[in-house]
Amino acid sequence: METAAAGSEESGAAAGPGEAAAGREDGGCEGLWELPVESSVRRAECGRCSRPQKVCLCPFFPVHPLKVSTCLYIIQHPAEESRVLRTVPLLTACLPGDKCKVLIGRRFGEDRYPELAAVCQNSNTLILYPGAEAANLEEVALIFPSPSTIIIIDGTWSQAKDIFYKNSLFRLPKQVQLKTSISSQYVIRTQPTNTCLSTLECAAIALAIMEKNDGIQETILRPLQALCSFQLQHGAQIHHSKEHLLKNGLYDKPMPKNKRKLRRMELLVNNVKI
């Protein structure tokens, strides 16, 4: 043991130039460990909208939740839950809790979701999903009983399609779509086509139709407009739809190798409804 200790000391005494330099460097850093560490301070957040107070959206929400007879069920894909700039929280802040219910998942069976199953089996329930078999909501609202329930799927188009076709419950309600040519105001996120709308926009238009009150649409869209305005003021860029970018030769991403996705892009360019 003593021999080993002596050997260590001797090795240190006979250190080469590189080791000596390393020793000097270590000694030069000794003072750094004594410097105070600055603690990171989180920006103050609003307790209601969970956004930084400087860009709080609460002034743009209605003072009191809107009084509506129509109930919304938002079926949200799990991927949407982690997105920072979501529209569903804006929607729920505008409506009473019992009139806007959010269910998160991909598969919805009758055993696990008995309440949702009962809603889907109710003759007063509609599901907002465009397609060849979908009736125009404006026409259905004229003869549909009140109060009613509308189911809206929240996710990308591919995610919404997966949820709609792989859950038999969603084939039970009457399928409806919006007949509108307005462009989305959700300009901080890329949409597939010029007429694709966010979940909040779809809900706002649908409620205005069912409640026969255009003021509902204006009120619900107000926080979305404020959100986009704040983001653009802080460096965000306006996102044109994929359809617009393709038609104007502005699409700068690699074209997909998947033939199905490539075919969808061709349909967009040729004004074919997808």
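A quick note: this is a predicted structure, and the numbers were derived from the prediction, not measured.

## Considering helix α9 (residues 214-233)
In a regular helix each residue adds 1.5 Å, so 20 residues correspond to 28 Å; α9 covers 29 Å between its end C-alpha atoms and thus fits that length. Within α9, the axis deviates most sharply at L221, by approximately 30°, and proline P223 lies no more than four positions further along. Three or more residues of α9 are buried, namely I216, T219, I220, L221, P223, L224, A226, L227, C228 and F230. Tucked inside the fold, the buried residues of α9 contact α4 (88-94) and α8 (199-211). For α9, the capping residue at the N-terminal end is N213, with a side-chain oxygen 2.9 Å from the backbone nitrogen of G215.

## Some words on the pattern of salt bridges
One pass over the structure, following the stated rule, counts three salt bridges. Here K101 ties to E115 by a salt bridge, and the two come within 3.2 Å at their closest N and O atoms. Of the two residues, K101 is situated in strand β2 (residues 100-104) and E115 in helix α5 (residues 114-121); the sequence distance between them amounts to 14 residues. Exposure remark for E115: the relative accessible area of 48% places this residue in the partly exposed category. D162 is the partner of R107 in a salt bridge, and the nearest nitrogen-oxygen pair spans 3.1 Å. Separated by 55 residues along the polypeptide, R107 in the loop between β2 and α5 and D162 in helix α7 (residues 157-165) bring together distant segments of the chain.

## A short note on unusual backbone geometry
Excluding glycine, a negative phi dihedral is what most residues carry, and trans is how most peptide bonds are arranged. Cis rather than trans, the peptide bond between S146 and P147 has omega equal to 0°. One non-glycine residue, K212, lies in the positive phi region at around 55°. With respect to the secondary-structure elements, K212 resides in the loop between α8 and α9. By relative accessible area, which is 62% here, K212 ends up exposed.

## Here we look at the side chain of T125
Mapping T125 onto the fold places it in strand β3 (residues 125-128). Look at T125 and you get buried, because its relative accessible area is 2%. Discounting residues that sit within four places of it in the chain, T125 has contacts with V119, F144, T149, I151, P173 and K174.

## Some words on the environment of G109
Within the element layout of this structure, G109 appears in the loop between β2 and α5. A residue is classified by how much of its surface remains accessible, and G109, at 34% relative accessible area, is partly exposed. Along the sequence, G109 and L169 sit 60 residues apart, while their C-alpha atoms lie 7.4 Å from each other.

## Describing α7
Along α7, the residues that are buried comprise Q159, A160, I163 and F164. Summarising the axial view, the buried residues of α7 lie within an arc of 130°, below the 170-degree limit, and thus occupy one face. Among the structural elements, β1 (71-76), α3 (78-81), β3, β5 (149-154) and β6 (174-177) are those in contact with the buried residues of α7.

## Some words on the environment of V176
In this structure, V176 sits in strand β6. For the pair V176 and I151, spaced 25 residues apart in the sequence, the C-alpha separation amounts to 10.0 Å. Ignoring anything within four residues of it in the chain, the contact list for V176 reads L126, I127, L128, Y129, P130, A134, A135, L137 and V140.

## Here we look at the sheet that holds β5
Spatially, β2-β1-β5-β3-β6-β4 is the arrangement adopted by the six strands of the open sheet, whose pairing is parallel. One side of each edge strand has no neighbouring strand; the edge strands of this open sheet are β2 and β4 (135-136). Here β3 runs beside β5; their pairing, made up of four bridges, is parallel. Looking at the pairing, T125 lines up with T149 of β5. Contacting β1, β3 and β5, α8 crosses the sheet at an angle of about 165° to β5.

About the criteria used
Residues numbered from 1 in each chain as written. Predicted model: local features only at pLDDT ≥ 70, side-chain atom pairs only at ≥ 80, totals over all residues. Heavy atoms only, no water. Helix = DSSP H or I, 4+ residues; strand = E, 2+ residues; numbered from the N terminus. Expected span 1.5 Å × (residues − 1). Bend = angle between axes of the 7 residues up to and from the residue. Buried < 20%, exposed > 50% of the residue type's maximum accessible area, 1.4 Å probe, protein only. Contact = heavy atoms within 4.5 Å. Polar contact = N/O pair within 3.5 Å; in protein donor to acceptor, adjacent residues only side chain to side chain. Salt bridge = Lys/Arg side-chain N within 4 Å of Asp/Glu carboxyl O. Arc of directions from axis to C-beta. Pairing = 2+ DSSP bridges. Axes fitted to C-alpha atoms, helices over the stretch in contact; angles between N-to-C directions.

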